[in-house]
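Single-letter residue listing:
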Amino acid sequence: MSRKFLIAGNWKMNLTPDESTSLVEEINAVAGNQTSVQVCVCPPFTSLPVVSEKVEQTEVLLGAQNMHAQPSGAYTGEISAEMLRSLYVSHVILGHSERRQYCGETNGSINQKILAAIHANLKPIYCIGETLDERDSGKTMDVLSSQVREGLENFPSSALDLLVIAYEPVWAIGTGKTATDEMAQEAHLGIRKVLSEMFGDSASSSIRILYGGSMKPENAAGLLAQPDVDGGLIGGASLSAKPFCDIVEAAISSL
Ligand code: PEP
């Protein structure tokens, strides 16, 4: 079963449209013409229009960092799937631990967004991951299993080709602490087993599971060499072209 690597950059609440333009131009210069691995950038909403124009003629994909579950209406400050589609966004990060922590998102509310995303033909990058307390008390796989089962409730098998999962241990995000290669592989394999129970072996073996949490050029090759690690969701190291593109190169080299 061949799963193409996806290297996605989560720019979070960083970069003005001008700064975003410069960064995506640098990324395009390195990754814009290759098709060996998929590369996706996820700028803040305000930069989506300029970055959309810049990636239009390239192989770089465009992602958003969130969306609302409803198609339209009185939801001040929110953005719908259709609005993202109108800017040629193909991917949307959903359930990031920062949104779970600061914005009260739950497996249930994220599930509504995931279903709305696929309804609009957007590819959800569904983030899951355990906290340090949960890991230390031996609950990692229980937490991941609930996040997968509840977040993907009623997910239609016919849309599984749209789905991407990102395993992001909360204790590794923005902390400089990375899961070891073995810890990442163990979690990814466990997630794939849950997917297999839900959707069957064949579907499960074709769903990409990205690793996220302080991925950088120095640790990318080891993580990407794990059989169930199918790419990375990169935060801090995606804010400059050099480390991000070095991770892309590491993915290409490991093919
Ligand atoms: C993230 O926020 O998705 C992330 C993985 O961040 P960082 O790479 O900075 O840990």
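Okay, so let's go over this structure. (Residues numbered from 1 in each chain as written. Predicted model: local features only at pLDDT ≥ 70, side-chain atom pairs only at ≥ 80, totals over all residues. Heavy atoms only, no water.)

Some remarks on the overall build of the protein chain
Along the protein chain, the regular secondary structure elements total eleven helices and eight strands. Taken over the C-alpha trace, the protein chain has a radius of gyration of 17 Å; the compact-globule value for 255 residues is 18 Å, and the two agree within 12%. Judged by the C-alpha coordinates and their principal axes, the protein chain covers about 45 × 45 × 35 Å. Here the protein chain holds 255 residues, and 53% of them are scored as buried. Within the protein chain, counting contacts between residues at least 6 apart in sequence, those at least 24 apart form 72% of the total. Surface summary for the protein chain: the accessible area is close to 11,200 Å², and the carbon and sulfur share equals 50%. Seen as two clouds, the 18 positive and the 30 negative side-chain charges of the protein chain have centres 2 Å apart. (Helix = DSSP H or I, 4+ residues; strand = E, 2+ residues; numbered from the N terminus. Rg over C-alpha atoms; globule rule 2.2 N^0.38 Å. Buried < 20%, exposed > 50% of the residue type's maximum accessible area, 1.4 Å probe, protein only. Contact = heavy atoms within 4.5 Å. Areas by Shrake-Rupley, 256 points an atom, 1.4 Å probe, with all protein chains shown as cover. Lys, Arg positive; Asp, Glu negative; His and termini not counted. Charge placed at Lys NZ, Arg CZ, Asp CG, Glu CD.)

Some points on the site of the ligand
Contacts to the ligand come from 14 residues, most closely from Lys12, His96, Glu168, Gly174 and Ser214. Lysine 12 has a polar side-chain atom sitting 2.6 Å from an oxygen atom of the ligand. Calculation on the ligand without its partners gives an accessible area of 290 Å², and the protein chains cover 95% of this total. The cavity that encloses the ligand is the second largest pocket. (Near = heavy atom within 4 Å. Polar contact = N/O pair within 3.5 Å; in protein donor to acceptor, adjacent residues only side chain to side chain. 1 Å grid on protein atoms, 1.4 Å probe; cavity = no way out; pocket = protein on both sides within 12 Å on 5 of 7 lines; lining within 4 Å. Sits in = over half its atoms within 2 Å of the grid points.)

Observations regarding the sheet that holds strand 3 (residues 61–64)
With respect to topology, eight strands assemble into a closed barrel ordered 1-2-3-4-5-6-7-8, the strand pairing being parallel. Looking at each pair of strands side by side, their axes are set apart by 25 degrees on average, direction ignored. Looking at chain direction, strand 7 (residues 208–212) and strand 8 (residues 231–234) are connected through two bridges and run parallel. By the bridge assignment, tyrosine 211 is partnered in strand 8 with glycine 232. (Pairing = 2+ DSSP bridges. Axes fitted to C-alpha atoms, helices over the stretch in contact; angles between N-to-C directions.)

A word on the pattern of salt bridges
Per the counting criterion, the structure on display carries eleven salt bridges. For glutamate 105, the salt bridge is made with arginine 99, and the minimal N-O distance between the two is 2.6 Å. Taking relative accessible area as the criterion, glutamate 105 reaches 8% and is therefore assigned buried. Among the salt bridges present, the one from glutamate 130 reaches arginine 135, with a minimum N-O distance of 2.8 Å. Here glutamate 130 falls in the buried class, since its relative accessible area comes to 0%. (Salt bridge = Lys/Arg side-chain N within 4 Å of Asp/Glu carboxyl O.)

Some points on the layout of surface pockets
Its boundaries defined by the atoms lining it, the largest pocket holds a volume of some 400 Å³. Residue lining of the largest pocket: 14 residues in total, with Lys12, Met13, Gln65, Asn66 and Arg99 positioned closest to the centre. Per-element accounting of the lining of the largest pocket gives the leading share, three residues, to helix 4 (residues 97–102). Along the lines of polarity and charge, the residues of the lining of the largest pocket split into six nonpolar, five polar and three charged. The computed volume of the second largest pocket comes to approximately 170 Å³. Lining the second largest pocket are 15 residues; nearest its centre among them are Gly174, Ser214, Ile234, Gly235 and Gly236. For the lining of the second largest pocket, a count of residues per class yields five nonpolar, seven polar and three charged. (Points joined across faces, edges and corners; volume = space filled by probe spheres on them. Nonpolar A, V, L, I, M, F, W, Y, C, P; charged D, E, K, R; others polar.)

Structural notes on helix 10 (residues 217–224)
Residues three or four positions apart in an α-helix share a direction because the helix packs 3.6 residues into each turn. Every buried residue of helix 10 is accounted for by Asn219, Ala220, Leu223 and Leu224. Considered in projection along helix 10, the buried side chains sweep an arc of 130 degrees and stay on one side of the axis. If you follow the buried residues of helix 10, they end up packed against strand 1 (6–10), helix 8 (181–199), strand 7, strand 8 and helix 11 (241–253). (Arc of directions from axis to C-beta.)

Here's the deal with the pairing of strand 1
Across the five residues that make up strand 1, a large majority, five, are buried. Going residue by residue along strand 1, you find Leu6, Ala8 and Asn10 tucked away on one face and Ile7 and Gly9 tucked away on the opposite face as well. Inspection of the sheet shows strand 1 paired to strand 2 (residues 38–42) by five bridges, in the parallel sense. Bridging across to strand 2, leucine 6 finds its partner in glutamine 38. A crossover connection joins strand 1 to the parallel strand 2 through helix 1 (residues 17–31); in handedness this β-α-β unit is right-handed. Alignment of strand 1 against strand 8, held across four bridges, turns out to be parallel. Looking at strand 8, one finds that alanine 8 is bridged to leucine 233. (Right-handed = clockwise from strand over helix to strand, strands pointing away.)

In short, shape yes, function no, at least from these values alone.
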